[in-house]
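As a plain string of letters, each chain reads:
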Amino acid sequence: MNSGDIKDDEYYDDALSLASSIDTQYIEKIKELKRKRKAIILAHNYQRPEIQDLADLVGDSLDLSKKAQASDAKVVVFCGVQFMAESAAILSPEKTVLLPVKEAGCQLADMITVQELRKKKKENPKAVIVCYVNSSAEVKAESDICCTSANGIGVVNSLKENRILFVPDEHLGRYLESKTDKDFILWRGFCPAHYNLLPKDILKAKKEHPQAKVLVHPECRLSVIDLADEAFSTNGMLEYAKKSEAKEFIIGTEMGVVHRLKKENPGKNFYVPSENLICSSMKLITLKEVAESLEKMRYKIEIPEEVRKRAKKSLDRMLEV
Ligand code: CIZ
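Rules used in this analysis
Residues numbered from 1 in each chain as written. Predicted model: local features only at pLDDT ≥ 70, side-chain atom pairs only at ≥ 80, totals over all residues. Heavy atoms only, no water. Pairing = 2+ DSSP bridges. Helix = DSSP H or I, 4+ residues; strand = E, 2+ residues; numbered from the N terminus. Axes fitted to C-alpha atoms, helices over the stretch in contact; angles between N-to-C directions. Core = buried A, V, L, I, M, F, W, Y, C linked by side-chain atoms within 4.5 Å. Buried < 20%, exposed > 50% of the residue type's maximum accessible area, 1.4 Å probe, protein only. 1 Å grid on protein atoms, 1.4 Å probe; cavity = no way out; pocket = protein on both sides within 12 Å on 5 of 7 lines; lining within 4 Å. Points joined across faces, edges and corners; volume = space filled by probe spheres on them. Nonpolar A, V, L, I, M, F, W, Y, C, P; charged D, E, K, R; others polar. Near = heavy atom within 4 Å. Polar contact = N/O pair within 3.5 Å; in protein donor to acceptor, adjacent residues only side chain to side chain. Areas by Shrake-Rupley, 256 points an atom, 1.4 Å probe, with all protein chains shown as cover. Disulfide = S-S within 2.5 Å. Contact = heavy atoms within 4.5 Å.

> Where do I start with the sheet that holds strand 1 (residues 39–44) in this structure?
What links the strands of a sheet is backbone hydrogen bonding, and the strands pair in either a parallel or an antiparallel sense. The strand order 2-1-3-4 describes an open sheet built from four strands, whose pairing is parallel. The open sheet has two edge strands with one neighbour each: strand 2 (57–59) and strand 4 (96–98). On average, adjacent strands in this sheet sit at an angle of 25 degrees to one another, irrespective of strand direction. Pairing geometry for strand 1 and strand 2, over three bridges, is parallel.

> What is the right way to look at the sheet that holds strand 9 (residues 213–216) in this model?
What the four strands build is an open sheet, ordered 10-9-11-12; its pairing is parallel. Strands at the two margins of the open sheet, each flanked by one partner only, are strand 10 (230–231) and strand 12 (269–271). As paired strands, strand 9 and strand 11 (residues 248–252) are joined by four bridges and run parallel to one another. The residue bridging Leu-215 from the neighbouring strand is Ile-251, located in strand 11.

> Could you clarify how one ought to interpret the nonpolar core in this entry?
Soluble globular proteins tend to bury their nonpolar side chains together. In this structure, Ile-41, Phe-166, Val-167, Val-216 and Val-290 are the most contacted members of the largest nonpolar core, which totals 93 residues. Considering each element in turn, this core owes the most residues, seven residues, to helix 4 (residues 82–91).

> It is not clear to me how the layout of surface pockets should be interpreted in this structure. Could you clarify?
In this approach the atoms are scanned with a rolling probe the size of a water molecule, which exposes any empty space left behind. Taken as a whole, the largest pocket holds about 430 Å³ of empty space. If you trace the largest pocket, you find 34 residues lining it, with Tyr-46, Met-84, Asn-134, Cys-191 and Glu-219 closest to the centre. For the lining of the largest pocket, the elements supplying multiple residues, two or more each, are helix 3 (61–70), helix 4 and helix 9 (192–195). With three residues, helix 9 is the largest single contributor of residues to the lining of the largest pocket. In terms of residue class, the lining of the largest pocket is made up of 16 nonpolar, 15 polar and three charged. In this structure, the second largest pocket encloses a volume near 200 Å³. Ser-149, Ala-150, Ala-231, Phe-232 and Ser-233 are, among the 13 residues lining the second largest pocket, the residues nearest its centre. If you list the elements that add at least two residues to the lining of the second largest pocket, you get helix 7 (152–158), helix 8 (170–179) and helix 12 (234–243). Counting residues per element, the lining of the second largest pocket draws most heavily on helix 12, which supplies three residues.

> Help me out: how do you make sense of the site of the ligand in this one?
Around the ligand lies a shell formed by His-44, Tyr-46, Asp-60, Ser-61, Asn-134, Ser-149, His-217, Ser-233 and Thr-234. In the environment of the ligand, an oxygen atom lies 2.7 Å from a nitrogen or oxygen atom belonging to the backbone of Ser-61. A distance of 3.5 Å is found between an oxygen atom of the ligand and a side-chain nitrogen or oxygen belonging to Ser-149. Against a free-state accessible area of 270 Å², the protein chains account for coverage of 97% of the ligand.

> I'm lost on the state of the cysteines in this one. Help?
Disulfides are covalent bonds that link the sulfur atoms of two cysteine residues. All chains considered together, the criterion is met by zero disulfides. Cysteine Cys-131 remains unbridged, with the sulfur of Cys-146 as its closest cysteine sulfur at 4.1 Å. Exposure remark for Cys-131: the relative accessible area of 0% places this residue in the buried category. Free of any disulfide, Cys-279 has its nearest neighbouring cysteine sulfur in Cys-191, separated by 6.6 Å. Among the residues examined, Cys-279 registers a relative accessible area of 24% and is labelled partly exposed.

> How do you make sense of the side chain of Ser-71 when you look at a structure like this?
The topology assignment puts Ser-71 in the loop between helix 3 and strand 3 (75–79). Here Ala-73 takes part through its backbone nitrogen, which lies 3.1 Å from a polar atom of the side chain of Ser-71. Here Ser-71 is in contact with Ile-40 and Lys-95, once residues within four sequence places are set aside.

> It is not clear to me how the environment of Glu-292 should be interpreted in this structure. Could you clarify?
Along the polypeptide, Glu-292 turns up in helix 14 (residues 287–296). We classify Glu-292 as buried; its relative accessible area is 19%. Those residues within four positions of Glu-292 in sequence are excluded, and the remaining contacts are Met-297 and Arg-298. A polar contact is formed between the side chain of Glu-292 and the side chain of Arg-298, at a distance of 3.0 Å.

> Would you take a moment to explain unusual backbone geometry for this structure?
Keep in mind that most residues, glycine aside, have a negative phi and that most peptide bonds are trans. Along the chain, Val-167 connects to Pro-168 via a cis peptide bond; the corresponding omega equals -15 degrees. By secondary structure assignment, the location of Pro-168 is in the loop between strand 7 (163–167) and helix 8. Between Arg-298 and Tyr-299 the backbone carries a cis peptide bond, its omega angle lying at -5 degrees. Look at Lys-38: it is not a glycine, yet its phi comes out positive at around 55 degrees. Secondary-structure assignment places Lys-38 in the loop between helix 1 (3–37) and strand 1. We note that Met-297 has phi near 50 degrees; this positive angle belongs to a residue other than glycine. Mapped onto the elements of the fold, Met-297 is located in the loop between helix 14 and helix 15 (305–320).

Structure follows, in structure tokens:
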């Protein structure tokens, strides 16, 4: 090691300790504001590790929205993306729901508009519209029933109709089609992170970790799901990893979930099969943004009441199933 390396190390150590003292300041500020506002902080399983560690609850979008509904908090800070905060606002109109970064959208949800859906509905008047929760409040309002990746098979099987217009995720739709006897019309939407996971990535990871169980998200291509041991939502993966006797897992979903998998399963190893498994929107929220969100009470989710009521019907119908 030469003297230049020592200087670099010292500089790096200084930068790290400065960053951690700033984080501590934000965490203290967030705790104080949380008490003042009677707020609860929710973090999706894909959020940054420090946001997950700070949150009152970590989970998938619907799980978090239902827990927010049951809580007596006045303010819900939803660390996730737009449609998730909207779901919380649909279920809890009496609470103020904040999304700390207003640009935190979902590319998949943005692949359909309510006008496009209405047009497709006219072309297929007999089809029942099943909409994945990764969709805007307006699209939910225009649909007959919602589903998540965890309950999609149950929702589809509960329908008496045979013809299903499934929006907006083509790949989840294909997966549900393969698991049920229904006839699907598929919308051409996709989640870029899951779409970019390829069969060759899974084959390479399996070669490197031959003992590992392969768990992938149903938003992946069917050719990827076919190579996996199981297809699960994030909460499904967390449950499976905890109960499984296996010690190694290849995780085919957004890499943020690996933080919680590791934390809840010491002694087990988790591998991410592709560096593309990252959602940049999910990483926009930092401790600074959460502190500012609580301080300035921004960005409030506002849904017109008429849209909210119709969207809630689609969610309620799913919850009944
Ligand atoms: O519903 C959710 O939260 C999403 C988008 C993924 C998952 O499986 O948790």
